[in-house]
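Single-letter residue listing:
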Amino acid sequence: MFGVAGSLQFGLRVPTAEPPANNFTGHSHTQTNQPHFRMQLPDEAVEFNFQGSVCPHLETWTPLAELQSQHLIRAEQIDGIKQQMMQVRQSIGSDRTMVNPPAKMLPQESGFIDLPSLMLDQYRRKGENSELGRILRAAGKLREETDRVVVLGIGGSFLGAKALFDALSHTHHNELPERMRHGKPRLYFEGNNVDNDSLQDLLDMLENTCVDPAIKEERWGVVVVSKSGGTLETASVYRIMRNELARFYGHSPESLRKRIVPVTGPSGKLRELCLADGFKEDEILKIPESVGGRFSVMTAAGLLPAAVVGLDILALLLGAATMTRRFLEEPFDRNPVLQYAAVNHLLNKETGKNTRVMAVWSRKLEALGMWHDQLLAESLGKQNLGPTPLTVVQTRDLHSRGQQHQDGPRNKVVNNLFVKGTRHAPIQLGMADRNEDDLNSLSRKTLPDILSAAFQGTNQAFADAARPTNDLILPTLSEHTMGQLMQMLMLATIVEGRLLGVNPYGQPGVEAYKKNMTRILKEMPSKGSSAMG
Ligand code: PA5
C-alpha cells in the first residue's frame, strides 16, 4: 500500500516559475490564479533489509558459526523485542498530542513527526498564506533578486539543507552557467564554524564577482537560520554579512529585506534584530518551538535553501509524511523505522556493536551522512550511553577505513545506504585499441555495474567474517526518497532513545563549551588576535 505514494492534488497556486529538479509525471508549476497542481509520484518506497545482521540457522559447528553466534543477533531476539517496539511506538504516538508534558520529559520536541503532513495540509487549505506558501514565496524572491545565496547556520540549522543540496542538485551546481541552472542561484554555506580565512575567501569571491548591484548576475543574498537566534557562530557571521550587504546595496531597510530571509524560532535575538530592521512578521520564516534543531529539516531551515535551488519541496514533504504513516500504521514486519531501530539497538546491546557506521554508496550522500552523525550523536549520546556514529563514502573509503572495518575491533555495525537507480544513463567503460590497462574484458560493464559488484563483494566479505551489515535501499535519489529516508532516520532515532531510556531531544552536553567560550571571550583583552597567540 505504501509503495505507491499515489496522486496528490492541490487546487492551488504554486509561486514558482521553474520546473522542479525532478519532473514527476503531471507535476506542473504555474503562475495563474486558478491553476491545478497535481503531483504523481512513482512507486519508490525506501526498503530496509537486515539479513546481514541475523545469525543463520546452522546444524553443525564451524569456526564461522561460532563467530556468527557471538557477533550477530538471533531471529528469536528480534521476535522477543517486537512487543516492546509496538509499545514504544504507541507511547511516541500518544506523546505527540500531550499538552503539558511532565518535567522529566522536557524538552519535548516531537513536532517533527506530524509536521510534513500538517504543512501539506495547511498549504492545500491556505495556499500562499500557509508556511509552505511563504517559504516558496521567499525562495522565489531570492531567485528573482540574486545569483548567489549564502546560507548561514550551524548544526541542525545547516546540515539538513546541505544534505538536500548535495544529494539532489547537480554535483557542480555552483560552477554551471546561469542558463544551465535555469535561474537558480548558486548556494554557499557559512556560519557553521568560526574560520576567519574561509569567510574572508567567501567575501573576496563575492566582492570580485558581484560588482554592480544593478545586474542580477552580480547580486547576492543571505538566508540566516538559527532557531534560538543566539548561536554565536551564526550571529557573528550574520553581523559581518549584513554589514557587507549594506555596503553593497546601501543601508535602506528595503534593500536589506529584499536580499535577506531570516529563519528562526518564535522568539530570540535574531527575530528582534530583524524586526528592528523592518522585516514584517510574515517575512521571518518559522522553526516551530516544538521542532528541535536537528529534527528541523522539514521546516524552512531545510526547505527554503532547497526551494531556492529549485528542489521539489512538496515531494520531499510527501515522502516524509508517507514515512510517518508507515511508522504509525504498519506492523513490525513491514515497518522500516521499527526494524532499523530494533536491529541496531539489539546489535549494540547484545553484541557490543557500539560504533554505527553509515556507509553511503554515493558521494552525493556524504552530507546526508554528516547530518545523520549529528542526529545520532546529539540525540542519543547522553548519560554515558549512545552509539558512536561514523559516515563512510564508498567505494572511496574502502581504500582508507575498509581495512579496519573488515579486520579491526568487532565493535561496528555497517548500515549501507545504496541507491539502485542512477539519474543519468549508465556510463560504459568501452574498448581501447591497445588495452594496456587490461580492461577490455570489462568494456561492456558500466560504472553502476562496478559499484554494484563492490557493494555485493563488500557485504559478502563482511558476512564471511561474521561482521553485521544492514541495507537501506533507495530506488532512486529524489526528493520523495530523501523525504522518506530523513524522516525514517529521525523517527528511528527517537525510538532508539526510548529503548535506551534517554530523552532524544535537547543537547545539554553542548552547553558546557558555550558557557566556557562566552566567559573566555569576556575575559579576553580586545586586541584582535586570539588568546592562544
Ligand atoms: O540540534 C540542535 O538543536 C542543535 O544542533 C542546533 O541546531 C544548533 O546548535 C544550532 O542552533 P540554533 O539553530 O539555535 O542556532
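The coordinates are above.
1. Observations concerning the nonpolar core
- Leu 304, Trp 371, Met 482 and Val 495 are the most contacted members of the largest nonpolar core, which has 96 residues in total.
- Counting residues per element, this core draws most heavily on helix α17 (residues 479-500), at eleven residues.
- Counting contributing residues, this core receives three or more from each of domain 1 (7-16 + 46-99 + 331-428 + 441-508) and domain 2 (115-311).
- With residues near it in sequence (within four places) discarded, Trp 371 still touches Leu 159, Gly 160, Ala 163, Arg 294, Val 297, Met 486, Leu 489 and Met 490.
- Counting 23 residues, the second largest nonpolar core, distinct from the first, contains Val 222, Val 224, Met 241 and Tyr 249.

2. Regarding the site of the ligand
- Taken together, 13 residues lie around the ligand, and Ser 157, Ser 226, Ser 228, Thr 231 and Gln 374 are the ones closest in.
- For the ligand, an oxygen atom lies 2.6 Å from a polar atom in the side chain of Ser 157.
- Gln 374 is positioned with one of its side-chain polar atoms (N or O) 2.6 Å from an oxygen atom of the ligand.
- Cavity membership is defined here by more than half of the atoms lying within 2 Å of grid points; on that basis the ligand lies in the second largest pocket.
- Classifying every residue of the shell around the ligand by side-chain character gives one nonpolar, nine polar and three charged.

3. A short note on helix α7 (residues 196-209)
- The end-to-end C-alpha distance of α7, which contains 14 residues, comes to 20 Å, matching closely the 20 Å that a straight helix rising 1.5 Å per residue would cover.
- Along α7, the residues that are buried comprise Leu 199, Leu 202, Leu 203 and Leu 206. End-on view of α7: buried residues confined to an arc of 95°, all on one side of the axis. Turned more than 90 degrees away from the buried face of α7, the exposed residues are Asp 197, Asp 201 and Asn 208.
- For α7, the elements touching its buried residues are β4 (148-152), β5 (186-190), β6 (220-226) and α8 (232-249).
- Where α7 starts, the residue carrying a side-chain oxygen 3.1 Å from the main-chain nitrogen of Asp 197 turns out to be Asp 195.

Thresholds, definitions, all that
- Residues numbered from 1 in each chain as written.
- Predicted model: local features only at pLDDT ≥ 70, side-chain atom pairs only at ≥ 80, totals over all residues.
- Heavy atoms only, no water.
- Core = buried A, V, L, I, M, F, W, Y, C linked by side-chain atoms within 4.5 Å.
- Buried < 20%, exposed > 50% of the residue type's maximum accessible area, 1.4 Å probe, protein only.
- Helix = DSSP H or I, 4+ residues; strand = E, 2+ residues; numbered from the N terminus.
- Domains from an automatic or database assignment.
- Contact = heavy atoms within 4.5 Å.
- Near = heavy atom within 4 Å.
- Polar contact = N/O pair within 3.5 Å; in protein donor to acceptor, adjacent residues only side chain to side chain.
- 1 Å grid on protein atoms, 1.4 Å probe; cavity = no way out; pocket = protein on both sides within 12 Å on 5 of 7 lines; lining within 4 Å.
- Sits in = over half its atoms within 2 Å of the grid points.
- Nonpolar A, V, L, I, M, F, W, Y, C, P; charged D, E, K, R; others polar.
- Expected span 1.5 Å × (residues − 1).
- Arc of directions from axis to C-beta.

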